[in-house]
Amino acid sequence: MDPQEYSLMFHVESTHWWYIGMEKITRAFLKKMDVSASPRSVLDAGCGTGSGMSTYLVDYGSVVGVDISPIALEFCRKRGLASLALASVTEIPFPAESFDLVTSFDVLYEQAVPSDTVAIDEFFRVLRPNGYILLRLPAYDWLRGQHDVNIHTARRYTISKVKKLLSESGFDLLHISYANTLLFPLALTKRLLERIFPPTSPSSDLSVKIGVFNDVFKKILSSEAPLAASMRLPFGLSVIALGKKQSGYE
Ligand SMILES: C[S@@+](CC[C@H](N)C(=O)[O-])C[C@H]1O[C@@H](n2cnc3c(N)ncnc32)[C@H](O)[C@@H]1O
C-alpha cells in the first residue's frame, strides 16, 4: 500500500461508513463460531493499523497482529497494542497450532503477498484443530479502479475462487457470501465513470468526502450484516468466508 494509505486508514477507521458497516458484518460472521471453548487466541494476519484488533477481536481472546509494514505496526502501537510481529502472512513467525481463530481482512489481494495459497496454508498451519478462519477479500478482477492502484492490488476474488483456495488448504467452508451488495450499483457506476474520465491525480477512496452520505451508506451497509451472515448474497464488492480446520484433518 502507498505509505499515506496507513495514515488515512488510521484516521477514518472509527467514522468511515465502510469500516463501521464491515465491522457489523464481520461481527455477524464471528457469531456463527462455536465459542464455548475458552480461552481463545486470535491472530489478525495483515492487521493494518489495528482497528479490528482493538475494537472487536479482543472479544475473542488475546489478539496478536502480524503485518509486513512497520508503518502499520507503528499505528497499532499508538492504539496501545503490543502483541505485534513484523512479518509476512506467507511466513508467520509462530509455531503450528498456536491460535483458535485467524482473521485476515483485505490482505491477500495485495502485491506484497506473493502467493495467497501459501498464506492460506500458513493460516491452516498456525490454527489449532477446530480453529476458525475468517477472510475478507475484494471482489471481481473486472472491478479494478484507481483505489486498486493506490493499495497495490494484485488480484481480486469471486466466491468460487475463495472456496477453492480454502478447500485446497484443507479447510471446511462454514459460510461464504458477497457483501457490500446494496451499494454495488453505485460503486460500479463510479468505476465506469473513472474509466471514461480518468482522475487527473491519484486519490484514495478513503479520502473522498461524502459528507451527509456517510451516515446513509453506514446504515445501508450495516443493514446487510444479518443477511450476509445467514444467506449467500449473489454479488457485492467483497467476499467474506468463514472456514474451520476440523479436528480430524489429515
Ligand atoms: C487494506 S489493509 C487492511 C488492514 C486491516 N486488515 C484492516 O482490515 O483494516 C492491508 C494490510 O495488509 C498488509 N500486508 C500486505 N501484504 C502483507 C504480507 N505479505 N504480510 C503481512 N501483511 C501484509 C498491509 O501492510 C496492510 O496493513
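Everything that follows concerns the structure shown earlier in this document.
Here the structure is a predicted model, which means the values were calculated and not measured.

Here the focus is helix α5 (residues 116-126). Within α5, burial applies to D116, A119, I120, E122, F123, F124 and V126. Looking at the buried side of α5, the elements it contacts are β1 (41-45), β4 (99-105), β5 (127-138) and α7 (159-169). Of the residues flanking the start of α5, the one acting as N-cap is S115, its side-chain oxygen 3.3 Å from the backbone nitrogen of T117.

In this section: the packing of aromatic side chains. Considering all chains together, one arrives at 11 aromatic pairs under this definition. Their ring planes at 80 degrees and their centres at 5.2 Å tell us that W18 and Y19 sit as a pair that is edge-to-face. On the accessibility criterion, Y19 (17% relative accessible area) is buried. Measuring from centroid to centroid gives 6.4 Å for W142 and F184, while their planes differ by 85 degrees, and the two rings are edge-to-face. You can see W142 sitting in the loop between β5 and α6 (146-150) and its partner F184 sitting in helix α8 (residues 184-196), a full 42 residues away along the chain.

Their axes nearest at 9 Å, the elements α5 and α7 cross at an angle of 50 degrees. Considered as vectors, α5 and α7 are oriented oblique to each other. For the pair α5 and α7, the crossing hand works out as right-handed. For the pair formed by α5 and α7, the contact residues are D116, T117, I120, D121 and F124 on the first element and L165, L166 and S169 on the second. Considering only residue class, the contact of α5 with α7 consists of 4 nonpolar, 2 polar and 2 charged.

In terms of nonpolar packing, the biggest core is built from 80 residues, with I25, L43, L108, F123, L135 and V162 touching the most fellow members. At 8 residues, helix α2 (residues 17-30) tops the list of elements feeding residues into this core. Excluding its chain neighbours within four sequence positions, the residues that come into contact with F123 are A45, V89, I92, V102, S104, L108, I133, L135 and F171.

Moving on, we come to the pattern of salt bridges. Pairing is possible between side chains that carry opposite charge, provided their charged atoms lie close to one another. Evaluation of the coordinates by the stated rule reveals 13 salt bridges. When the shortest N-O distance is used, the salt bridge between R156 and D148 registers 2.8 Å. Exposure remark for R156: the relative accessible area of 5% places this residue in the buried category. For R191, the salt bridge is made with D148, and the minimal N-O distance between the two is 4.0 Å.

Quick look at the site of the ligand now. For the ligand, the set of nearby residues contains 21 residues, the closest of which are Y6, G46, D67, V89 and F105. A distance of 2.7 Å separates an oxygen atom of the ligand from a polar atom in the side chain of Y6. Between a nitrogen atom of the ligand and a main-chain N or O atom of F105, the distance comes to 2.9 Å. Considering the ligand on its own, with 590 Å² of exposed area, one finds that the protein chains cover 94% of that surface. Residue classes in the shell around the ligand are distributed as 12 nonpolar, 4 polar and 5 charged.

Conventions used here
- Residues numbered from 1 in each chain as written.
- Predicted model: local features only at pLDDT ≥ 70, side-chain atom pairs only at ≥ 80, totals over all residues.
- Heavy atoms only, no water.
- Buried < 20%, exposed > 50% of the residue type's maximum accessible area, 1.4 Å probe, protein only.
- Helix = DSSP H or I, 4+ residues; strand = E, 2+ residues; numbered from the N terminus.
- Contact = heavy atoms within 4.5 Å.
- Polar contact = N/O pair within 3.5 Å; in protein donor to acceptor, adjacent residues only side chain to side chain.
- Phe/Tyr/Trp six-rings, centres within 6.5 Å; stacked < 30°, edge-to-face > 60°.
- Axes fitted to C-alpha atoms, helices over the stretch in contact; angles between N-to-C directions.
- Parallel < 35°, antiparallel > 145°, perpendicular 65-115°, else oblique.
- Left-handed = near helix turned anticlockwise from the far one by under 90°.
- Nonpolar A, V, L, I, M, F, W, Y, C, P; charged D, E, K, R; others polar.
- Core = buried A, V, L, I, M, F, W, Y, C linked by side-chain atoms within 4.5 Å.
- Salt bridge = Lys/Arg side-chain N within 4 Å of Asp/Glu carboxyl O.
- Near = heavy atom within 4 Å.
- Areas by Shrake-Rupley, 256 points an atom, 1.4 Å probe, with all protein chains shown as cover.

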